[in-house]
Amino acid sequence: MKRLNTTADSPRSSSTSRSLMLFILGSLLSSVAAAKTPVIEITIKDHLFYPAELIVPADTKVKLLIHNSDPTPEEFESYELNREKIITGNSRAVIFIGPLKPGSYPFFGEFYPKTAQGKILVQ
Ligand SMILES: [Cu+2]
């Protein structure tokens, strides 16, 4: 890191560089936290979810990256996860879930609920 203040030692400049250091430290810590958020990818194809069953760790925030490879929109919906999000055709969406307690959390595609079904197993 480049040293920002070579004239040093006045109380004001040292407190400025201290808050700058804290800011940089905070940014580093939050990017480490973001990097640790597990990403789970789900694909919608022919109105089915792949995989239809996923396992995620308990007490952990998880990022779901959902690719809709159908030309039609779908809505990811789960009462148990309290999530609902429309994903237009041939696009993708991000949904954060958790931290969750162990259990089974079903989800479905609201526009094609007979076929588009899945569940998240939290362990
Ligand atoms: Cu809905």
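Peer 1: Explain the pairing of strand β8 (residues 103-109) to me, please; I cannot follow it from the model alone.
Peer 2: Within a regular strand, side chains alternate between the sheet's two faces. By the bridge criterion, two bridges tie strand β5 (residues 74-78) to β8 in an arrangement that is antiparallel. Looking at β8, one finds that phenylalanine 76 is bridged to glycine 109. The sheet contact formed by β8 and strand β9 (residues 117-122) spans six bridges and is antiparallel. Bridge pairing in β9 links phenylalanine 108 to glutamine 117.

Peer 1: When you look at the pairing of β9 in this model, what are you seeing that I'm missing?
Peer 2: Of the two faces of β9, the one lined by Gly118, Ile120 and Val122 is fully buried and the one lined by Gln117, Lys119 and Leu121 carries no buried residue. Where strand β3 (residues 53-56) and β9 come together, four bridges link them in parallel fashion. Residue pairing across strands places glutamate 53 opposite lysine 119, the latter belonging to β9.

Peer 1: Even after reading the chapter, I still don't get the sheet that holds β3, so can you show me in this structure?
Peer 2: Think of a sheet as strands paired side by side through backbone hydrogen bonds, with each pair either parallel or antiparallel. One open sheet accounts for five strands, arranged β3-β9-β8-β5-β6; its pairing is mixed. Edge positions in the open sheet fall to β3 and β6 (83-87), since each of these has one partner strand only. Each neighbouring strand pair of the sheet contributes to a mean axis angle of 20°, computed without reference to strand direction.

Peer 1: Could you clarify how one ought to interpret the nonpolar core in this entry?
Peer 2: Within soluble globular proteins, side chains that are nonpolar generally end up buried alongside one another. Membership of the largest hydrophobic core comes to 14 residues, with the highest contact counts inside it found for Ile66 and Phe107. Listing elements by their share of this core, those giving two or more residues are β1 (39-45), β4 (62-68), β8 and β9. No other element matches β8, which puts three residues into this core.

Peer 1: Help me out: how do you make sense of unusual backbone geometry in this one?
Peer 2: For the peptide bond that leads from tyrosine 50 to proline 51, omega is -10°, which places it in the cis range. Looking at where proline 51 falls in the secondary structure, it is placed in the loop between β2 (48-50) and β3. Residue proline 99 is reached from glycine 98 by a cis peptide bond, and omega for that bond is 0°. Within the element layout of this structure, proline 99 appears in the loop between β7 (91-97) and β8. Phi is positive for aspartate 59, close to 55°, though the residue is something other than glycine.

Definitions and cut-offs
- Residues numbered from 1 in each chain as written.
- Predicted model: local features only at pLDDT ≥ 70, side-chain atom pairs only at ≥ 80, totals over all residues.
- Pairing = 2+ DSSP bridges.
- Helix = DSSP H or I, 4+ residues; strand = E, 2+ residues; numbered from the N terminus.
- Buried ≥ 20, exposed ≤ 12 C-beta atoms within 10 Å, placed from the backbone.
- Axes fitted to C-alpha atoms, helices over the stretch in contact; angles between N-to-C directions.
- Core = buried A, V, L, I, M, F, W, Y, C linked by C-beta atoms within 7 Å.

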